[in-house]
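# Structural features, examined
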Amino acid sequence: MREWKEVIWILSVFVCSVLSSPCNSKIYDGAFKNLVCVCNATSCDEIEPIGEIGEGKAVVYRSTLDGDRLKRMSMKMGQKLGKDEVVNVTISIDASERFQQIFGFGGAFTDSAGEQLFAVSEKVQEQIINSYFGEYGLEYNVGRVPIASCDFSTHEYSYDDVGEDFELKHFGLAEEDLKLKIPFIQKAIEKTKGKLQLFASPWSAPGWMKTTGRMRGGGAMRNDTRVYEAYANYFIKFFEAYSSHSIPFWGLTIQNEPSTGADMTWRWQTMNYTAETMRDFLKNYLGPKLKGNKLTESLKVMILDDGRGLLPGWADTIFNDTESTKYADGIAVHWYGNLYSPAVLLDIAQRHHPDKFIFGTEACAGYFGHHGPIMGDWFRAESYADDILTDLNHHVTGWTDWNLCLDETGGPNWAYNVVDAPIIVNRTAKEFYKQPMFYALGHFSKFLPRGSTRVFTKVDGNLAVSAVSVVIEGGQRVTVMLSKSSNSLLTRVVDSATGYSLVLTLPPRSIHTVIWNKRK
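Basis of the calculations
Residues numbered from 1 in each chain as written. Predicted model: local features only at pLDDT ≥ 70, side-chain atom pairs only at ≥ 80, totals over all residues. Heavy atoms only, no water. Helix = DSSP H or I, 4+ residues; strand = E, 2+ residues; numbered from the N terminus. Rg over C-alpha atoms; globule rule 2.2 N^0.38 Å. Buried < 20%, exposed > 50% of the residue type's maximum accessible area, 1.4 Å probe, protein only. Contact = heavy atoms within 4.5 Å. Axes fitted to C-alpha atoms, helices over the stretch in contact; angles between N-to-C directions. Left-handed = near helix turned anticlockwise from the far one by under 90°. Expected span 1.5 Å × (residues − 1). Polar contact = N/O pair within 3.5 Å; in protein donor to acceptor, adjacent residues only side chain to side chain. Patch = residues over 30% accessible without salt bridge, like charges linked within 9 Å, V, L, I, M, F, W, Y side chains within 5 Å. Areas by Shrake-Rupley, 256 points an atom, 1.4 Å probe, with all protein chains shown as cover. Salt bridge = Lys/Arg side-chain N within 4 Å of Asp/Glu carboxyl O. UniProt positions renumbered as here; feature names shortened; annotations may be inferred. Pairing = 2+ DSSP bridges.

Next up on the list: the overall build of the protein. Secondary structure assignment for the protein yields ten helices and 22 strands. Relative to the 2.2 N^0.38 estimate, which gives 24 Å for 520 residues, the radius of gyration of the protein is 23 Å and therefore close to what a compact globule would have. Along the longest, intermediate and shortest principal axes, the C-alpha atoms of the protein span 80 × 55 × 45 Å. Within the protein, the proportion of its 520 residues that are buried is 59%. Considering only contacts within the protein whose residues lie at least 6 apart along the sequence, 72% involve residues at least 24 apart.

Okay, structure coming up:
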């Protein structure tokens, strides 16, 4: 019987390898091996399925600076060390100590991403959608949708640019929604079989609702009851308009990066809130409007949508108010500024408000230093993995990347605030490039499903290694490890609950995802 199980397991691995497609690599000049995977209308790499995991075995996926991209391997648990082998790192997991549930991972359906998708053939579109949302792709289950324009649009626009239209008689979705967002969101929903959860974020109210008269640059909402009422209704009309295209939403953030609205010279759309003004708008206007509408009554409302350096103050101000807290479900955080804002701020916010969730709603590389894409750059992938690991280990329930795809300049962006993206589209060559960041994201999005629970994980032996672990319903374990070491490290993963242990070598600068089952 055991022999037959071995045969079945080998066959499953063979079938998985046949189903998957390898990376068509392209290497760019640089001090390191800057490698991207090239895709076009007829070929694109796919992630090899996990397949059956036999008793006493583990499946490992590896990405490395040296060129591996979510490479699947099978390993035996409980291997003995060689005579001269010494373990450099020990990762201990205790599944009895549990923390937050994972909600999901994804990216943003910006106008700029839609421009790239609209400009390529349907077959290339399908390859990009499959790469992110498909069964052999990253299996994203979260999407962010800007409410009207942002910097990753070609111009400023709102859904009602007619001044003093307090009744919003001129409200209407823009051409960008109908051409660049909605069609691709619909495809992603279909690809995920309805599992895609969407949340919306505004960059600014219509200009006439602001003290400055325009969306671009700082400034707050006019202190006028008619404006507050109209803007709360503006949210409702947005959700109703998207619902008419069969696009439901899970949640929203009240304002993208409200702190930037204090800068009157800000180069693109923004609007200022303090914690107090966001609290008051939520409890007096937006919250009651959302709860009073059957379509929006169950939407998850997230406060902040800015750097974690503003915690726990913003959370305390809004959640400690007995009225505003009724309308708020969680805290949205961006990764900008994390280098000088310690992750312990997330722990403090969670400790103060254990009934509220924390969710990562924006991150991107290439926004400072070298602006725009660096093709094949491994270290940007490493920074993604590092930030996701840190967030998850400090009570964050998921992580949302910024633009799904951009052009080779890192745009278009009307304010020329170009950045990098996991997929870069070359319209001229009719192909696109998967950056190392794409695969770093996959180590989490593909293998940490919605509803899995983070468990205690401890790393000993080398500060260059970090890890996070989850337990999936049914008892399967997943550990994601990042090594920023320039040396190979012999690493032992120990699961205290099952008694299983696994020894593997972490190559220099590498990310690993390890999956195994609990003992039967």
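Picking up after the structure, the text goes on.
Topologically, Val465 is positioned in strand E18 (residues 465–471). Residues contacting Val465, with those up to four places away along its chain left out, are Val89, Ile91, Val459, Leu482, Ser483, Leu489 and Leu506.

It is the contact of helix H5 (residues 225–243) with helix H6 (residues 275–291), at a shortest axis distance of 9 Å, that shows an interaxial angle of 35°. At the point where H5 passes H6, the crossing takes the right-handed sense. Contacts between H5 and H6 involve Thr225, Tyr228, Glu229, Tyr231, Ala232, Asn233, Phe235 and Ile236 from the former and Phe281, Tyr285, Leu286, Lys289 and Leu290 from the latter.

Here helix H9 (residues 378–392) contains 15 residues, and its C-alpha end-to-end distance of 21 Å stays within 8% of the 21 Å for a straight helix at 1.5 Å per residue. For H9, the buried fraction is high: eleven of the 15 residues fall into the buried class. When we look at burial in H9, the residues that qualify are Trp378, Arg380, Ala381, Glu382, Tyr384, Ala385, Asp387, Ile388, Leu389, Asp391 and Leu392. For H9, the N-terminal capping position is held by Asp377, with its side-chain oxygen 3.3 Å away from the main-chain nitrogen of Phe379.

Here the focus is a nonpolar patch on the surface. The grouping of Leu339, Tyr340 and Phe368 at the surface amounts to a nonpolar patch, some 480 Å² of accessible area in total. According to the relative accessible area criterion, Phe368 is exposed, its value standing at 52%.

Moving on, we come to the UniProt feature "domain: Glycosyl hydrolase family 30 beta sandwich" (unreviewed entry) in the protein. Feature annotation in UniProt places "domain: Glycosyl hydrolase family 30 beta sandwich" (unreviewed entry) on residues 451–514, given in this structure's numbering. The distance from the first to the last C-alpha atom of residues 451–514 is 18 Å, and the span holds 0% helix and 62% strand.

All right, on to the sheet that holds strand E13 (residues 396–403) then. Overall, parallel pairing links the eight strands, which are arranged E6-E7-E8-E9-E10-E11-E12-E13 in a closed barrel. Adjacent strand axes in the sheet meet at a mean angle of 25° when their direction is disregarded. Packed onto the sheet, H9 meets strand E6 (104–108) and E13 and runs at close to 150° relative to E13.

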